[in-house]
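Summary of structural features
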Amino acid sequence: MDQEQLNLIIEKVVATLQKTNADTPILQPPPQNAQTKYAISARPSATGQAIPLEASARHVHLDKATVELLFGKGARLTPCRPLSQPGEFLAQERVKLVTQKGELASVAVLGPEREQTQVELSLTDARVLGLDIPVNLSGDLTGAADVTLVGRCGSVFAKGCVIAAKNHIHMTPSDASRFGVKNGDTVDVHVQTRRPLTFHEVAVRVKGSFALAMHLDFDEANACALKEGDRGTVISITAAPPCKNDCLQTPSPPAAVTDKLLTEEAARRFAQSGAKNLRITKKTIITPSAKDALREAGIIIEHVE
Ligand SMILES: [Zn+2]
């Protein structure tokens, strides 16, 4: 059986599972508000493509000042081995996490140093420490809990830095176009493991320096009995709501064209800008080759007065 046949079978199984879920209210994902939900059939390009799954164990990211407080004046993190995301490494240094309720010893430190200290735990870990922590995307410390970090040379009370990392997929811009998604979209990912399950509302993060991988924490990895080499399949896509100012890769706003004539060259220049909506006046003449270029680039023409 080749990969394509296998993918077809997976899609069928997933479609059946989704249908079953629809009859079982308790398994329903929360309503999608004003967002657009694409059915499997509507976005065939995204389906059947495998994403490597990786489980992240509990770890901390430290800012420079905290590294010095824990490991001594002038200390920097020492790389022990590289991680799957380029530039990231597991450090030789370890820390202990302490609260009034409990402690976790020898917790991994990931380098390089970051702008802000962040502790990423599973919800099971949080129970051990008696902490109530939010499930946030990395970098979002809204509602994060406090913990004391203990290093070789000292300790630091780190206020508002403990979260459970929300599951997410790292991908490059070319992966993103292959999957038909953009930064900030969410996807549902089915994992066909010994305990098959579907993760809903998985965040898509797109950056040139990323390597394709879906990151789960240990609770999630155990929930689906993850083992090395397991892969996930995108089964549906929810487009991100229109961005305000805070998106990393904001789609360009519709561009206006005031020229009387839109040539192929101008069309191609517009396509390169990455914008998807071209606004033109009803008086603008579009040359046939410009029309072709816009269609090839998937650009939508909007006529304005
Ligand atoms: Zn990650």
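Numbering of residues starts from 1 in each chain and follows the order in which that chain's sequence is written. Whole-chain, interface and lining totals are the exception, using all residues; otherwise, since this is a predicted model, local features are given only for residues with pLDDT of at least 70 and side-chain atom pairs are given and counted only at 80 or more.

A separate point is the overall build of the protein. By definition, any uninterrupted DSSP run of H or I lasting at least four residues is a helix, any uninterrupted run of E lasting at least two residues is a strand, and each is numbered from the N terminus. Secondary structure assignment for the protein yields 7 helices and 20 strands. Exposed residues have 12 or fewer other C-beta atoms within 10 Å of their own C-beta, buried residues have 20 or more, and partly exposed residues fall in between, where C-beta atoms are placed from the backbone. Counting over 305 residues, the protein shows a buried share of 29%. We call two residues in contact when their backbone-placed C-beta atoms lie within 7 Å. The long-range fraction of contacts in the protein, counting pairs at least 24 apart against all pairs at least 6 apart in sequence, stands at 68%.

On to the pairing of strand β15 (residues 231-238). For β15, the tally of buried residues reaches 7 of 8 residues, placing the bulk of the element in the interior. In this scheme, strands are said to pair when DSSP sees at least two bridges between them. One ladder, built from 3 bridges, connects strand β2 (residues 50-56) with β15; its direction is antiparallel. Note that in β15 the partner of A50 across the bridge is T233. Two elements, strand β12 (residues 186-191) and β15, share 6 bridges in a ladder whose sense is antiparallel. Pairing of T186 across the sheet is with T238, part of β15.

Here the focus is helix α2 (residues 64-71). Turning to α2, its buried residues number three or more, namely T66, V67, L70 and F71. Buried positions in α2, seen along its axis, are confined to an arc of 105 degrees and lie on one side of it. Tucked inside the fold, the buried residues of α2 contact β5 (89-98), β9 (145-150) and β10 (155-165). One or two positions beyond α2, positive phi appears at G72, with a value near 110 degrees. Here the arc refers to the set of directions running from the helix axis out to each C-beta atom.

Here the focus is the nonpolar core. Linking buried Ala, Val, Leu, Ile, Met, Phe, Trp, Tyr and Cys residues through C-beta atoms within 7 Å yields a set, and such a set is a nonpolar core. Judged by nonpolar contacts, the single largest core of 29 residues is most densely connected at V119, I133, V147, L149 and V162. Those elements giving two or more residues to this core turn out to be α2, β5, β6 (103-111), β9 and β10. With 7 residues, β10 is the single largest residue contributor to this core. If we skip the residues at most four places from it in the chain, L149 touches V60, T66, L70, V95, L97, S155, V156 and A158. Membership of the second largest hydrophobic core comes to 23 residues, among which are I51, A176, V189 and L216.

Judged from the 4 bridges that link them, strand β11 (residues 168-171) and strand β13 (residues 197-206) form a sheet pairing that is parallel. When the sheet's bridge partners are listed, M171 is paired in β13 with V206. As paired elements, β11 and strand β14 (residues 213-217) share 3 bridges and run antiparallel to each other. The residue of β14 that forms the bridge with H170 is A213.

So, about unusual backbone geometry. Of note, the amide linkage connecting G111 to P112 takes the cis form, showing an omega dihedral of -5 degrees. Position of P112 relative to the elements: it lies in the loop between β6 and β7 (118-120). Despite not being glycine, E201 shows a phi value in the positive range, around 55 degrees. Note on placement: E201 falls in strand β13.

It is worth spelling out the confidence of the model for the protein at this point. The pLDDT averaged across the protein works out to 82; a share of 75% of its residues lies at or above 70. For residues 16-45, every residue scores under 50 in pLDDT, and the model assigns this stretch 27 contacts once sequence neighbours within four places are set aside. The pLDDT value tells you how sure the predictor is about a given residue, anywhere from 0 up to 100. The low-confidence segment residues 245-254 (pLDDT under 50) makes 16 contacts with residues lying over four places distant or belonging to another chain.

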